[in-house]
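An overview of the molecular structure
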Amino acid sequence: MDALTIREVFASNLRFFRKNHNPPFTQEKLSELVGKNQNYIGLIEKGKSSPPLEMIALIAQKLDVAPSRLLEADASLDSLKIVDKETLISNLSAGIASRLQDSIEREIRNSLR
């Protein structure tokens, strides 16, 4: 690996995939999903802690990515295959549309009260 250590690569990829999940996960939400406290995820993302393999697998499962993606030196959005980019954009668009629809419905219900 270039100048980055595997720990730094993992930390960067974890942060990237957590924030780009649909919907995006906060550190708190991801920590709940994997049964750890928020500080645990924060320490990993800062490169101050390294999870065991089983935790890497669980984190990857919750983020909907292959565990290997969390360890790839170039796993950013630009390195995703075109199909993956299109799927990501489609998923994000669907999530935005759903939240917008929920918001509109809520506003309509509130205005009818």
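Up top you'll find the structure we're talking about.
This write-up is about the structure you can find in this document. All values derive from a computational prediction rather than experimental measurement.

A few points about the packing of aromatic side chains
Taken as a whole and assessed by the stated rule, the structure comprises one aromatic pair. Ring geometry for F16 versus F17: centroids 5.0 Å apart, planes at 80°, classification edge-to-face. Judged by its relative accessible area of 8%, F17 is buried. A cation over an aromatic ring shows up here: K36 above the ring of Y40, its NZ or CZ 5.2 Å from the ring centre.

Topic: the nonpolar core
Ranked by size, the top nonpolar core spans 17 residues in total, and within it L14, L30, I41, I59, L63 and L70 carry the most contacts. Secondary-structure elements contributing two or more residues to this core are α1 (6–19), α2 (27–34), α3 (38–45) and α4 (53–63). Not counting residues within four places of it along the chain, the set of residues in contact with L63 comprises L14, F17, R18, H21, F25, L30 and L70.

Let's talk about the environment of P51
Structurally, P51 is set in the loop between α3 and α4. Among the residues examined, P51 registers a relative accessible area of 10% and is labelled buried. Sequence separation between P51 and R7 is 44 residues, and the spatial gap between their C-alpha atoms is 9.6 Å.

A word on the side chain of R18
Along the chain, R18 falls in helix α1. Since its relative accessible area comes to 6%, R18 is described here as buried.

Things to note about α4
All buried positions along α4 are accounted for by M55, I56, I59, A60 and L63. Taken around the axis of α4, the buried residues stretch over an arc of 135°, which confines them to a single face. Of the exposed residues in α4, those oriented more than 90 degrees away from the buried face are E54 and Q61. In the core, the buried residues of α4 are packed alongside α1, α2 and α3.

Examining the packing of α2 against α4
Here α2 crosses α4 at 120°, and the two axes come no closer than 10 Å. Classified by the angle their axes make, α2 and α4 are oblique. Relative to α4, α2 is oriented so that their crossing is right-handed. Contacts from L30, L33 and V34 in α2 reach M55, L58, I59, K62 and L63 in α4. Taken together, the residues of the contact of α2 with α4 break down into seven nonpolar, no polar and one charged.

About the criteria used
Residues numbered from 1 in each chain as written. Predicted model: local features only at pLDDT ≥ 70, side-chain atom pairs only at ≥ 80, totals over all residues. Heavy atoms only, no water. Phe/Tyr/Trp six-rings, centres within 6.5 Å; stacked < 30°, edge-to-face > 60°. Buried < 20%, exposed > 50% of the residue type's maximum accessible area, 1.4 Å probe, protein only. Lys NZ or Arg CZ within 6 Å of the ring centre and 35° of its normal. Core = buried A, V, L, I, M, F, W, Y, C linked by side-chain atoms within 4.5 Å. Helix = DSSP H or I, 4+ residues; strand = E, 2+ residues; numbered from the N terminus. Contact = heavy atoms within 4.5 Å. Arc of directions from axis to C-beta. Axes fitted to C-alpha atoms, helices over the stretch in contact; angles between N-to-C directions. Parallel < 35°, antiparallel > 145°, perpendicular 65-115°, else oblique. Left-handed = near helix turned anticlockwise from the far one by under 90°. Nonpolar A, V, L, I, M, F, W, Y, C, P; charged D, E, K, R; others polar.

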